[in-house]
Every structure is written in C-alpha cells, then in structure tokens.
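Structural description and commentary
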Amino acid sequence: MSESTLKTIAWPDSYGERAKPRMGFFTDTSVCIGCKACEVACKEWNRIPMSMQGFTGHSYDNTIDLGADTWRHVAFVEQRLPVDATEGGSLVQLAERAQAVDGGVQTYQEGEGIRWLMASDVCKHCTDAACLDVCPTGALFRTEFGTVVVQEDICNGCGYCVPACPFGVLDQREGDGRVWKCTLCYDRLKDDKEPACAQACPTNSIQFGELGELRERAEHRLARLQEAGQAKAQLYLADEDDGIHGAGAFFLLLDEPEVYGLPPDPVDTRRDLGSVWAAAGAAAAALGAGLLAAVFGGRR
Amino acid sequence: MTEARSYHGQPVIKQPVWTWEIPTYFFTGGLGGASAGLAYLAQWRGNDVLARRAWSGALAGVAVSPMLLTSDLGKPLRFVNMLRMFKVTSPMSVGSWLLTATGAATGVAAADAWTGRLPRSGAVARPAAALLGLPLSTYTAALIANTAVPVWHEARSMLPFVFASGAALSAGAAAVALTPPDHAAPARRLALGGAAAEVVLEQLMEKRLGDLAAPYEEGTSHTLSRLAQACLLAGSAMVAWGAGRSRRASAAGGAVMAAGALSARWSVFKAGFASAADPGQVVGPQRAAIERGERRGAARGHARVSAPDPARGSPATSVY
C-alpha cells in the first residue's frame, strides 16, 4: 500500500504545533439501510432549519440534495437487475427474479429483480477545496483537524462558493443570506466527540476517525466486498491523486459515482486558475490595444 | 457520447445564487473600466469634449457597480468583509480591490475633467483609472470561469476576451450616445470594433465549447444572445451611417448598441445556470475523459490490499 494512503495528514503549515491529525468520514454505503438517522441527528445537533416537506417520487428520497439546510443526504437508487443476470444461481431463483421484474414487484432484497443502493452523502472536506479557495472574505477556513468550515459571523453571502464546489454541497440559506454546510461537527471535535451523524448511524455505515486509519480500513472492506462478488464496488475520493487531492470524507460505492449523483472526476477549479488569470490579463492587454487603435487609428 | 447516468436527473453541482445585479454589473463594470481608458487616451489626443463625456461614463459605471454588488449580497451590511483580505485564488477578492481602486481614481479623474480643480491628484488618478480599468473589464470573466460550471469553466481561455470586447463596445456606445458627433469619431470606431469582436468571439467560443455550448443554443440564453446580435446589428448600422452627422442617430445608435452589450452579458450569465442544472453537462465530459484514459477519475475499483483483515473491516462485514 502506498505511503500516502496510510499517512495521517495533519495541517502543520497553518497550525504548527496545534495541528491535529486529519479527521474524516468513511461512508461505507454497502451497509447503509437508508434509515436517515444521520440526517435527523445532524439537523438536531446543528439546529438546521426545516427543509422542503413533500414527496419527490424518487424512491424514498425526499431530501433531494445537500444544501444550506441539509448537511447529510441519504440517496436511494432503485436498480432493476437484468432478467438474464447470471449471478444468483439456480434456475428457480432466475425464474423468480424474472417474475418479480415482469410483475413490477419491488423489494429491498437483492436477487429478486431490484437492487437498492443507499448512500449517505456529506460535504467532502476536500484537500483542495474550491469553496475555500474562492471565498473572498475568508469566512471559509481550514480547521486544525483538516476540515473545511464556514464562519457564520464573517460570511457575507456573496455566493461564490456555491457554483465553485464540484459536488454542489454549499448553498445560500433562504431568509438568511449566508451559505451553510457540514462542519464535520467542529464543536464536537473540539471536545473529542464524534460527529452527530456518525454517532447516530446504527450500522456504522458512517465511520468517523483519523483519515489514515479510515483509509486503511476501507481498503480491507473493498477487498472483502470484491471477494464476495461485488464487482463494481469502488472507493471514491480515497486517493491523493484525484482532482481534489483526495477528500476528508470518502465513500465505498457499489456502482459508478454518477449513479449516486456524485461527479466521477471532480476537480478543484483552482487547478486551472493560472490559465484563467493569464487569459484575463491577455484580454485586458488586448482591450488596451483596442482602445489605443480606436483613439489613434483615425481622425480625432 | 452516450447518455450520462444520473441520480434521478438531479443536478450534480449547484446553480449560482446570483441575481439580476450580477449580469448588470458585468456590463457596468466593463463600461466603467473601458470608459476610463477611452477618456484618458482621448484627453491625451487632445479631444477634451470626448474625454469629459467618457469620464462621466466611467464614473457612472464604477459608481453603480458597488451598489449592484452590495445589493446582491446575502448580507449587504457585511459588504466591507470583501476587503478583509486579498486573495489571488479568489477573482472576487481581486475584483473587489480593483473596483475600489478604480472607483477612487475615476472619481478624482472625473472631478478634475469637469472642474479642472484637482490638477495634481488628477494627473495621478487619470492614468491609474485608465490602467486599472482594463483588468476591471475582464476579471469578471475570470470570476465565472473559475467555477465548476462547465459552460463557463471550459470557455476559460475565451471568456475574458468576450468580456473585453463587450467592455470596449459598451464604453464606445455610451460615448457615442453622449458626445456631439463631430468629436465622437474615436468612440464610433471603438463601438463598431467592439461589437464586431463581441459577435465573432462569442461564435468562436460556442464553436470551441462543442457539445457544452448547448445552453447557448436553446432557451433564455439563446434568446438573449439573438437579441444582443439584433441590437448590435441595428445599432452598428445607425452609428456607422447616421451618427457622424446626426446627434439623434448617435443617441439612438449608442443606446441600442449598449443594450446589445448588456443582453450579451445576460446571455453568458444565464448559460451558466442551464449548464449547472444539467447533470449530463457535468458528468458527460468527466466520464468521457476517464473512458479515453486521459483522467483516472476519483473512483478506484481495485483494493490495495489482497487479504481482507477481519479485525479492521467494517463492523457489519459478516453480511457477506
């Protein structure tokens, strides 16, 4: 296993002696049961206002997405297995599955025609965090735990972080004007407590801890799942060489990221900032040349 | 490209929360910035009649801009927090300082141009305003290009040039409308040249965006883009053939061209919303790059350990 995967990353650059080991979430979606205890615990602990009340018709997901008033979001994906799927064995089982698919019977048990994927999404606390980079006020900052937090007494609601986040995590709160997102329970971390969602999760689908230790645990879990036949099981945001240099909150998924509403190749926009500034500078120079040409390129 | 998979068709990234003030500011900021340059150069060439009007246009632009920006903030009273720090990674931070400096310099320069009472500070303020006005006109393009919105981010090399053309066009059009025709020849050249560059560069940008240009080809953004083109065509005709003699044609032509510039900024602004709302625009190119082998993506299917370690596995490993 590579050194960088296991190393516990702290933030000595900004905190020196006071830097803590980098803390994060490992969300193992293979054991998520979609109970939404994480959503409720998060709302209660962080006193988040009520969000949309109603039915979306998208399986059991009425939370819809992450936003100012939803810092944990449980996604529900119902996948219809192909009738001729060979996994699952006997002729009787295959016939049962075909019948279930034809009859439209929906069940949470795999092997009966429908596969149900559930995953609790959260702010990724990116190593390269676009929100933090673009924030003009410094309201967004990196904590001593390596997490990314918005200071509510500084945010002026400029909204720049909202379209900058490659995961669509941040949003402006209606009637308040500021942006809000998961703090990885910064207040609880300071008191050596685990975040509310992780504590509430009944199946330990949400695991909290030092990032290096979590990554190691995730590797073993991935190996075990693949051995058990979950061919599409994959770790998401667990590596340092992706477009955000890895994340503090990473996931074990059972299908491609986009199936859960996650971008397959998120990139911190700062990576292209050099070319952006270069183009803006060149365009400013071109504008100057145009002005010169207009004023001096003909009669007065 | 095969149809990208999505989560119930939900967007992957958030749409901006910016309201009407922001595209209007794209226009007024460009107008203010480029007008300062026009005024400075016109004065240099001895065309004081044009210079005074252009300074007025510059002042109007940089005076309205902060009001628009403040009004768009979720917490307007905290506008001063924009100047808490200077961050190169945030074009909005850089722009806040640019606008503050350009605004101050333009105020002094305009006051001196009209009253002649601030010769010494005016001598410093004029070139400062003219110079700072150039990046003020293009940083807004850098700002929106520096997001996760595909139609903006993938046009990052072109957008600043489109905005620069728009700024030249706006400054020229405003000066044409305000200046007596005999003194407005440079402004007419600027407006016509800016309009031509705006239209050509915008077409080029859409062509380079390929599939990602979809927001410009339908809906609000498309309508606004067409409106801009119509305004620029009609306004250019008036300015090119009527404005040299008629003050009325100057006023009308300049106003119509300025409306075209404003509409063009709105078109770009609205395209970002449509792009962000479409999960296919976000996921499609990312997945395609992974499949082409250009990028590895953020997911990894192979474990870096071979033997599962039960002691370290998830508590629920007995499920399998």
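1. A closer look at a nonpolar patch on the surface
- Nonpolar side chains collect at one region of the surface, where Leu 83, Phe 86, Val 88 and Trp 97 of chain B lie side by side and expose about 370 Å² of accessible area between them.
- Looking at the secondary structure, you find Val 88 of chain B in the loop between helix H2 (48-72) and helix H3 (91-115).

2. Details of helix H10 (residues 273-296) of chain A
- Spanning 24 residues, H10 of chain A covers 34 Å between terminal C-alpha atoms, matching the ideal 34 Å at 1.5 Å per step.
- Every buried residue belonging to H10 of chain A is among Leu 273, Val 276, Ala 279, Ala 280, Ala 283, Ala 284, Leu 287, Gly 288, Leu 291, Ala 294 and Val 295 of chain A, and all of these are buried.
- Against helix H1 (21-44), H3, helix H4 (119-145), helix H6 (159-178) and helix H7 (185-209) of chain B lie the buried residues of H10 of chain A.

3. Observations concerning the sheet that holds strand S1 (residues 299-300) of chain B
- Here 5 strands make up an open sheet; going across it, the order is S8(A)-S1(A)-S10(A)-S9(A)-S1(B) and the pairing mixed. In this open sheet, the two strands that pair with only one neighbour each are strand S8 (206-210) of chain A together with S1 of chain B.
- Where strand S9 (residues 234-236) of chain A meets strand S10 (residues 249-253) of chain A, 3 bridges bridge the pair, whose relative direction is antiparallel. Looking at S10 of chain A, one finds that Leu 235 of chain A is bridged to Leu 252 of chain A.
- Lying on the sheet, helix H9 (residues 211-227) of chain A is in contact with strand S1 (23-28), S8, S9 and S10 of chain A together with S1 of chain B; it crosses S8 of chain A at an angle near 135 degrees.

4. So, the packing of aromatic side chains
Residue and element names in this part refer to chain A.
- The full count for this structure, using the stated rule, is 16 aromatic pairs over all chains.
- Centroid distance Phe 26 to Phe 250: 5.1 Å. Interplanar angle 15 degrees. Geometry classified as stacked. Here Phe 250 lies in strand S10 and Phe 26 lies in strand S1, a separation of 224 residues in the sequence.
- Look at Phe 26 and you get buried, because its relative accessible area is 0%.

5. A few points about the domain arrangement of chain A
All names here are of chain A.
- By the assigned domains, chain A splits into domain 1 (3-267) and domain 2 (268-300).
- On the side of domain 2, 4 residues touch domain 1, which itself brings 11 residues to the contact.
- Interface area for domain 1 against domain 2, summed over the two sides, is near 560 Å², with a carbon-plus-sulfur share of 43%.
- For the interface between domain 1 and domain 2, the tally reads 2 salt bridges.
- Where Arg 271 meets Asp 128, a salt bridge forms, and the shortest distance between an N and an O atom there is 3.7 Å.
- At the boundary of domain 1 with domain 2, the tally comes to 6 residue pairs in polar contact (both at pLDDT 80 or more).
- By residue class, the composition of the side of domain 1 that touches domain 2 is 6 nonpolar, 2 polar and 3 charged.

6. Quick word on unusual backbone geometry
Residue and element names in this part refer to chain A.
- Positive phi, normally seen in glycine, also occurs at Arg 47, with a value near 50 degrees.
- Among the secondary structure elements, Arg 47 is positioned in the loop between helix H3 (37-46) and strand S2 (72-80).
- Residue classification places Arg 47 among the exposed residues on the basis of a relative accessible area of 74%.
- Backbone geometry places Asp 192, a non-glycine residue, at a positive phi of 60 degrees.

7. Focus: the interface of chain B and chain A
- Opposite the 92 residues of chain B that make contact, chain A presents 117 residues.
- Roughly 8,700 Å² is buried in total at the junction of chain B and chain A, and carbon and sulfur atoms are behind 58% of that figure.
- For the pair chain B and chain A, the number of links is 11 salt bridges.
- There are 51 residue pairs in polar contact (both at pLDDT 80 or more) connecting chain B and chain A.
- Mapped onto the side of chain B that touches chain A, the elements with two or more residues apiece are H1, H3, H4, H6, H7, helix H11 (279-291) and S1 of chain B.
- With 8 residues, H4 of chain B is the largest single contributor of residues to the side of chain B that touches chain A.

8. Topic: the nonpolar core
- Phe 25, Tyr 236 and Leu 237 of chain A together with Trp 18, Ile 144 and Leu 159 of chain B are the most contacted members of the largest nonpolar core, which totals 127 residues.
- If you tally residues by element for this core, the top one is H4 of chain B, at 7 residues.
- A domain-level breakdown of this core finds at least three residues from each of domain 1 (3-267) and domain 2 (268-300) of chain A.
- Not counting chain neighbours up to four residues away, the residues in contact with Tyr 236 of chain A comprise Phe 167, Phe 250, Phe 251, Leu 253, Pro 257, Leu 262, Pro 263 and Pro 266 of chain A together with Ala 298 and Ala 299 of chain B.

9. Some details on the environment of Asn 146 of chain B
- Structurally, Asn 146 of chain B is set in the loop between H4 and helix H5 (150-153).
- For Asn 146 of chain B and Ala 42 of chain B, which are 104 residues apart along the polypeptide, the C-alpha to C-alpha distance reads 34 Å.
- The contacts of Asn 146 of chain B, once residues within four sequence positions are left out, are Val 134, Tyr 160, Thr 269, Arg 270 and Leu 273 of chain A together with Thr 89 and Pro 91 of chain B.

10. Observations regarding the side chain of Ser 35 of chain B
Residue and element names in this part refer to chain B.
- By the element assignment, Ser 35 lies in helix H1.
- Given a relative accessible area of 2%, Ser 35 falls into the buried group.
- Only 2.6 Å separates the side chain of Ser 35 from the backbone oxygen of Leu 31, close enough to count as a polar contact.
- Beyond its immediate sequence surroundings of up to four residues, Ser 35 is in contact with Gly 30, Ala 54, Gly 57, Ala 58 and Ala 171.

11. Remarks on the confidence of the model for chain A
- Chain-level pLDDT for chain A is 89 on average; 86% of the residues reach the 70-or-more range.
- Low pLDDT, under 50, characterises residues 1-8 of chain A; the stretch is placed with 18 contacts to residues that sit more than four places away or in other chains.

Cut-offs applied
Residues numbered from 1 in each chain as written. Chains lettered and ligands numbered in written order. Predicted model: local features only at pLDDT ≥ 70, side-chain atom pairs only at ≥ 80, totals over all residues. Heavy atoms only, no water. Patch = residues over 30% accessible without salt bridge, like charges linked within 9 Å, V, L, I, M, F, W, Y side chains within 5 Å. Areas by Shrake-Rupley, 256 points an atom, 1.4 Å probe, with all protein chains shown as cover. Salt bridge = Lys/Arg side-chain N within 4 Å of Asp/Glu carboxyl O. Helix = DSSP H or I, 4+ residues; strand = E, 2+ residues; numbered from the N terminus. Expected span 1.5 Å × (residues − 1). Buried < 20%, exposed > 50% of the residue type's maximum accessible area, 1.4 Å probe, protein only. Contact = heavy atoms within 4.5 Å. Pairing = 2+ DSSP bridges. Axes fitted to C-alpha atoms, helices over the stretch in contact; angles between N-to-C directions. Phe/Tyr/Trp six-rings, centres within 6.5 Å; stacked < 30°, edge-to-face > 60°. Domains from an automatic or database assignment. Buried area = accessible area lost by both parts, 1.4 Å probe. Polar contact = N/O pair within 3.5 Å; in protein donor to acceptor, adjacent residues only side chain to side chain. Nonpolar A, V, L, I, M, F, W, Y, C, P; charged D, E, K, R; others polar. Core = buried A, V, L, I, M, F, W, Y, C linked by side-chain atoms within 4.5 Å. pLDDT = per-residue confidence, 0-100.

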